[in-house]
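# Working through the structure, step by step
For reference, the chains in residue letters:
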Amino acid sequence: MHILHVVGARPNFMKAAPVLRALALHPGVRQTLIHTGQHYDSAMSDVFFQQLQMPMPDCNLGVGSGTHAQQTAAVLTAIEPVLMERKPDIVLVYGDVNSTIAAALVCSKIGIRVAHVEAGLRSRDRSMPEEINRLVTDQLSDLLFSPSQDGNENLRAEGIDPGKIHLVGNVMIDTLVRLLPQAKKEFPVDPSCPYALVTLHRPSNVDDLPWLQEMLSTLSQLSERLHIIFPVHPRTRQRLGALGSSIAANGRLQLLDPLPYLSFLALQARAAMVITDSGGIQEETSYLHVPCLTVRENTERPITVSLGTNQLVGRDLEKLKQAARQILRTESEPAPRETSPGIPLWDGHASERIAEVILRR
Ligand code: UD1
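Basis of the calculations
Residues numbered from 1 in each chain as written. Predicted model: local features only at pLDDT ≥ 70, side-chain atom pairs only at ≥ 80, totals over all residues. Heavy atoms only, no water. Helix = DSSP H or I, 4+ residues; strand = E, 2+ residues; numbered from the N terminus. Rg over C-alpha atoms; globule rule 2.2 N^0.38 Å. Buried < 20%, exposed > 50% of the residue type's maximum accessible area, 1.4 Å probe, protein only. Contact = heavy atoms within 4.5 Å. Areas by Shrake-Rupley, 256 points an atom, 1.4 Å probe, with all protein chains shown as cover. Pairing = 2+ DSSP bridges. Axes fitted to C-alpha atoms, helices over the stretch in contact; angles between N-to-C directions. Near = heavy atom within 4 Å. Polar contact = N/O pair within 3.5 Å; in protein donor to acceptor, adjacent residues only side chain to side chain. 1 Å grid on protein atoms, 1.4 Å probe; cavity = no way out; pocket = protein on both sides within 12 Å on 5 of 7 lines; lining within 4 Å. Sits in = over half its atoms within 2 Å of the grid points. Nonpolar A, V, L, I, M, F, W, Y, C, P; charged D, E, K, R; others polar. Domains from an automatic or database assignment. Right-handed = clockwise from strand over helix to strand, strands pointing away. Parallel < 35°, antiparallel > 145°, perpendicular 65-115°, else oblique. Left-handed = near helix turned anticlockwise from the far one by under 90°.

The next thing to look at is the overall build of the protein. Scanning the protein from N- to C-terminus turns up 15 helices and 13 strands. Expected size for 361 residues packed as a compact globule is a radius of gyration near 21 Å; at 20 Å, the protein falls within 12% of this value. For the protein, the C-alpha atoms occupy an extent of roughly 55 × 40 × 40 Å along the three principal directions. Residues classed as buried in the protein amount to 57% of the 361 residues present. Put simply, of all contacts in the protein between residues at least 6 apart along the chain, 70% involve residues at least 24 apart. Element-wise, carbon and sulfur atoms account for 53% of the exposed surface of the protein, whose accessible area totals about 14600 Å².

As a further point, take the sheet that holds strand 12 (residues 292–294). A sheet is described by the order of its strands in space; here six strands give the open sequence 10-9-8-11-12-13, paired in parallel fashion. For this open sheet the edge positions go to strand 10 (253–256) and strand 13 (310–312), each flanked by a neighbour on one side alone. For this sheet, the mean angle separating the axes of adjacent strands, direction not counted, is 20 degrees. Examined bridge by bridge, strand 12 and strand 13 share three bridges and lie parallel to one another. From the neighbouring strand, C292 faces strand 13, where its bridge partner is N310. Each of strand 8 (195–199), strand 9 (227–231) and strand 11 (273–276) touches helix 11 (residues 261–270); the most contacted strand, strand 8, lies at about 130 degrees to it.

Attention shifts here to the site of the ligand. Around the ligand, the structure places 19 residues, and the nearest of them are H39, E130, H201, R235 and Q238. At 2.8 Å from an oxygen atom of the ligand is found a side-chain nitrogen or oxygen belonging to Q38. At a separation of 3.0 Å, an oxygen atom of the ligand approaches a polar side-chain atom of H233. Against a free-state accessible area of 740 Å², the protein chains account for coverage of 89% of the ligand. When atom positions are compared with the pocket grids, the ligand is found to occupy the largest pocket. Those elements giving two or more residues to the shell around the ligand turn out to be helix 3 (68–86) and helix 10 (234–243). Per-element tally for the shell around the ligand: the top contributor is helix 10, with three residues. Residue composition of the shell around the ligand, by class: five nonpolar, nine polar and five charged. Looking at the shell around the ligand, you find at least three residues from each of domain 1 (2–169 + 345–360) and domain 2 (178–330).

Next up on the list: the side chain of S351. Mapping S351 onto the fold places it in helix 15 (residues 350–360). Sequence-distant contacts of S351, that is, excluding residues within four places in its chain, are made with P18, V19, A22, V171 and D174.

The next subject is the pairing of strand 2 (residues 30–35). Direction of pairing for strand 1 (residues 2–7) relative to strand 2: parallel, over a ladder of six bridges. When the sheet's bridge partners are listed, H2 is paired in strand 2 with R30. The pairing of strand 2 with strand 3 (residues 59–60) spans two bridges and is parallel. Its bridge partner lying in strand 3, H35 is registered against N60. Running through helix 2 (residues 46–51), the crossover from strand 2 to the neighbouring parallel element strand 3 is right-handed.

Attention now moves to the sheet that holds strand 4 (residues 90–94). Sheet strands associate in pairs through backbone hydrogen bonding, adopting either a parallel or an antiparallel arrangement. Strands sit in the order 3-2-1-4-5-6-7 across an open sheet of seven strands; the sheet is parallel. A single partner strand is all that each edge strand has here, and the edge strands are strand 3 and strand 7 (165–167). In this structure, strand 5 (residues 113–117) lies alongside strand 6 (residues 143–146), joined through three bridges in parallel fashion. Considered in strand 6, the bridge of A115 is made with L143. Running over the sheet, helix 4 (residues 98–110) touches strand 1, strand 4 and strand 5 and is turned about 160 degrees from strand 4.

Moving on, we come to the packing of helix 9 (residues 209–222) against helix 14 (residues 317–329). Direction vectors running N to C along helix 9 and helix 14 enclose 25 degrees, while the axes themselves pass 11 Å from each other. When the interaxial angle is binned, helix 9 and helix 14 end up roughly parallel. Of the two possible hands of crossing, helix 9 and helix 14 adopt the one that is right-handed. Between helix 9 and helix 14, the contacting residues are W211, E214, M215, T218, Q221 and L222 on the first element and L317, L320, K321 and A324 on the second. Partitioning the contact of helix 9 with helix 14 into residue classes produces six nonpolar, two polar and two charged.

Listed below in structure tokens is the structure:
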């Protein structure tokens, strides 16, 4: 059986790595890995391939950045001949980035079966590009692997054949479970120096410059209470450039380049709190039992709020400050547990379940 995986952007790599590993254990499976090149900086791509011990891509389409139409169209055009030539039995696409929807669309038009890993997540906010990518990819997919029960319910409500839907758990947590011990060993953190870890990259947050400025001022105020470590995504770095010298970085608010997987995971595991607008980080902090404050009005991962440690603070910076103060007040309580069976099937074995379903079919 020939299985072809399509990845393109940073969060895809953590999801594809365990599925590639799980399938590699099965004799008779041949795998091909296509990188669309949506993310291309070494810090956003190569370093993840190394640290996650992924095979080198068989082919990099080099699509790069652009508007949504340009980027999606570039993947459509570049991937079609590759799929027609390589003729896989099934294509696996991951998450909700532009590369995901583009690959799924090409497969559905040329009659190649497509499986979506991380199916069924819904924020119900169609101003998010990822929500459009999720909706369309799920409609086009022949197999849908969901991380949590709410995903199954969303898919059924949209009329997807229940026979196609498989609740398998969270593949990103598979990678976390495998690499957490190594991350903690290689990147020890001084427990006497509490810190908040911050990431912000959503267009709704960082493309709105007055709002970005307000968020930075709030982070600067918080840094009077605890150290803040903020690895900055390239999109955010560009917007910060536009804000110029008014950025309030100081010794306690540290702006860094994007971090590799292992050092970022080690920092997450020991953080007093994480402030983010990322989807995957809401999940990782839930697993790690680290308090997470999400600077968004909604989440496609409601289970991280109901069973995990996530709080939505929306666009309310007073709420963010209050929630942060509350977390600091309870800080003297015992340290967070680092592994938890809290969310069903987030157990490090989701990719094995995916391999089993694919091979059974
Ligand atoms: C993309 C995904 C988003 C995901 C995020 C993770 C879509 C619609 N969005 O957003 O869901 O959470 O990746 O990082 O697919 N850039 C670089 N170097 C790179 C990549 C990008 O400098 O390696 C810069 C470019 O100027 C680019 C901008 O970052 O225009 C944004 O990149 P893009 O891939 O368009 O979207 P992300 O914001 O990264």
